[in-house]
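Summary of structural features
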Amino acid sequence: MTMPINPHVLEALDIETRFGEQVVHRDLTLTVRRGETLAIVGSSGSGKTVLLRELILLAKPSRGRIRLFDTDVNALSEPELIRLRSRLGVMFQHGALFTSLTVRENIDFPLREHTALGPALRRDIALLKLELAGLPASAANKYPDELSGGMIKRAALARALALDPKLLFLDEPTSGLDPVGAADFDDLIMELKTLLDLTIVMVTHDPDSLWRIADRVAFLGEKKVLQVAPAAELARIDHPDIRAYFHGKRMQQAQERAWKPA
Ligand SMILES: Nc1ncnc2c1ncn2[C@@H]1O[C@H](COP(=O)(O)OP(=O)(O)OP(=O)(O)O)[C@@H](O)[C@H]1O
């Protein structure tokens with residue numbers, strides 16, 4: 001008998017997160033469907049970054065369960081956790097590139113850590129990822145401080161893709177980019193999602209990304225996920241925090257741009 005495939009690649013169930021007396025999450029549940037782009041939004045301090053760190057296994061919630069690729073994370077030993085973590089692609093907000101390494105060496109880093117591939121093959125893979133992320137080959141030997149903000153994002157994306165993850169996390173992928181650069185980056189994410197058959201989870205403050213590339217949006221408030229729905233549905237939900245978030249001028253302009261025929 002074949003087992004039905006779990007439609008969820010990630011499940012965070014009944015999560016509680018505390019820092020001393022402060023409760024950041026309580027009874028928070030979030031599931032991510034295979035193949036979707038899910039955006040996590042909420043006001044400043046609502047616990048998006050903390051949640052992201054828990055989902056990528058860099059931090060442990062105080063209570064609750066996280067299941068990734070059908071594996072209960074709580075039950076794993078440290079080596080098993082490291083192996084599971086290597087199946088996640090993560091692009092951090094400011095790139096988090098090693099400043100003493102070139103772009104190619106940065107992309108090579110996870111390949112060296114987690115595979116037994118030889119240097120020639122690793123070099124080819126790094127150059128391929130660079131190209132996938134839309135960087136010219138000439139960027140390979142540059143150091144992070146020789147790159148523009150947009151190039152740093154792309155280099156960080158190339159590194160996140162190094163090990164061919166099926167699940168990609170993006171922390172504020174378009175922050176700091178001008179509107180054209182941000183739209184280009186959103187386009188790139190959409191293209192890569194289709195090309196590489198990715199599931200994407202992103203924390204974002206960018207209204208254009210919400211309307212253009214997110215299939216569903218999870219709204220964090222009152223220490224939990226208040227609602228998960230496509231942006232158009234979420235915008236109609238009658239909750240004071242959600243209404244306030246969606247009815248700002250920037251959000252309305254983004255909605256109009258997303259609905260304008262190309
Ligand atoms: N390591 C930590 N120790 C203590 N408190 C923390 C720690 N990390 C986060 N917090 C607290 O948890 C709360 C949620 O922080 P978090 O960074 O997740 O918010 P956020 O929704 O990502 O905000 P923003 O949109 O401004 O980035 C904040 O009150 C923060 O001070």
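The protein appears in an unreviewed UniProt entry as ABC transporter ATP-binding protein from Alkalilimnicola ehrlichii.

This part covers the packing of helix α3 (residues 103-114) against helix α4 (residues 119-132). Direction vectors running N to C along α3 and α4 enclose 120°, while the axes themselves pass 9 Å from each other. Classified by the angle between their axes, α3 and α4 sit oblique to one another. Considering only the axes of α3 and α4, their crossing is right-handed. Between α3 and α4, the contacting residues are Val103, Arg104, Ile107, Asp108, Leu111 and Arg112 on the first element and Arg122, Ile125, Ala126, Lys129 and Leu130 on the second.

Right, let's talk about unusual backbone geometry for a bit. A positive phi angle, near 50°, is found at aspartate 27, a position not held by glycine. On the secondary structure map, aspartate 27 appears in strand β2 (residues 22-33). A positive phi angle is found at glutamate 172, which is not glycine, with a value near 50°. Counting through the fold element by element, glutamate 172 comes out in the loop between β7 (167-171) and α6 (179-196).

With respect to the helices, strands and loops of the structure, valine 228 is situated in strand β10 (residues 224-229). Its 19 C-beta neighbours within 10 Å are what place valine 228 among the partly exposed residues. Separated by 20 residues in sequence, valine 228 and aspartate 208 place their C-alpha atoms 18 Å apart. Excluding residues that lie within four positions of it along the chain, valine 228 makes contacts with Arg216 and Ala218.

Within the structure, the ligand sits among Phe19, Val24, Gly42, Ser44, Gly45, Ser46, Gly47, Lys48, Thr49 and Val50. Considering each element in turn, the shell around the ligand owes the most residues, three residues, to helix α1 (residues 48-55). Of the residues belonging to the shell around the ligand, the class tally is three nonpolar, six polar and one charged.

The next point concerns the pairing of strand β9 (residues 216-221). As defined by bridge partners, strand β3 (residues 37-42) adjoins β9 across five bridges and the pair is classed as parallel. Its bridge partner being in β9, isoleucine 40 is matched across the sheet by alanine 218. Bridge analysis of β9 against β10 gives five bridges, and the strand direction is antiparallel. Bridged to alanine 218 within β10 is valine 228. Here β9 folds back onto β10, and the loop between the two strands holds two residues, one of which, glutamate 222, carries a positive phi near 50°.

Okay, the nonpolar core next. By size, the foremost hydrophobic cluster in this structure holds 61 residues, and its most contacted members are Leu130 and Val217. The element best represented in this core is helix α5 (residues 149-160), accounting for five residues.

Here we come to the sheet that holds strand β6 (residues 88-91). Ordered by their spatial adjacency, six strands build an open sheet running β6-β7-β8-β3-β9-β10, and the pairing between neighbours is mixed. The sheet is open, and its two edges are formed by β6 and β10, each paired on a single side. Ignoring strand direction, the axes of neighbouring strands in this sheet form an average angle of 20°. Judged from the five bridges that link them, β7 and strand β8 (residues 199-203) form a sheet pairing that is parallel. Its bridge partner being in β8, leucine 170 is matched across the sheet by methionine 202.

Moving on: the environment of isoleucine 15. Among the secondary structure elements, isoleucine 15 is positioned in strand β1 (residues 8-19). Owing to 26 C-beta atoms within 10 Å, isoleucine 15 belongs among the buried residues under this scheme. For the pair formed by isoleucine 15 and valine 41, sequence separation is 26 residues and the distance between their alpha carbons is 17 Å. Look past the residues within four positions of isoleucine 15 in its chain and what remains in contact with it is His25, Leu28, Glu54, Pro61 and Gly64.

This next bit is on the pairing of β8. For β8, the buried fraction is high: five of the five residues fall into the buried class. A two-sided burial pattern is seen for β8, the buried positions comprising Thr199, Val201 and Val203 on one face and Ile200 and Met202 on the other. One ladder, built from four bridges, connects β3 with β8; its direction is parallel. Considered in β8, the bridge of leucine 38 is made with valine 201. The β-α-β motif built from β7, the intervening α6 and the parallel element β8 has right-handed crossover chirality.

Here the focus is the sheet that holds β1. The pairing of strands in a sheet comes from backbone hydrogen bonds and takes either a parallel or an antiparallel form. Taking strand neighbours across the sheet as the criterion, the four strands line up as β2-β1-β4-β5 in an open arrangement whose pairing is antiparallel. For this open sheet the edge positions go to β2 and β5 (71-72), each flanked by a neighbour on one side alone. Of the pairings in the sheet, the one linking strand β4 (residues 63-68) to β5 comprises two bridges and is antiparallel in character. What sits directly across from leucine 68, in β5, is threonine 71. Sitting on the sheet, α1 is in contact with β1, β2 and β4, with an inclination near 125° to β1.

Conventions and cut-offs
- Residues numbered from 1 in each chain as written.
- Predicted model: local features only at pLDDT ≥ 70, side-chain atom pairs only at ≥ 80, totals over all residues.
- Axes fitted to C-alpha atoms, helices over the stretch in contact; angles between N-to-C directions.
- Helix = DSSP H or I, 4+ residues; strand = E, 2+ residues; numbered from the N terminus.
- Parallel < 35°, antiparallel > 145°, perpendicular 65-115°, else oblique.
- Left-handed = near helix turned anticlockwise from the far one by under 90°.
- Contact = placed C-beta atoms within 7 Å.
- Buried ≥ 20, exposed ≤ 12 C-beta atoms within 10 Å, placed from the backbone.
- Near = placed C-beta within 6 Å.
- Nonpolar A, V, L, I, M, F, W, Y, C, P; charged D, E, K, R; others polar.
- Pairing = 2+ DSSP bridges.
- Core = buried A, V, L, I, M, F, W, Y, C linked by C-beta atoms within 7 Å.
- Right-handed = clockwise from strand over helix to strand, strands pointing away.

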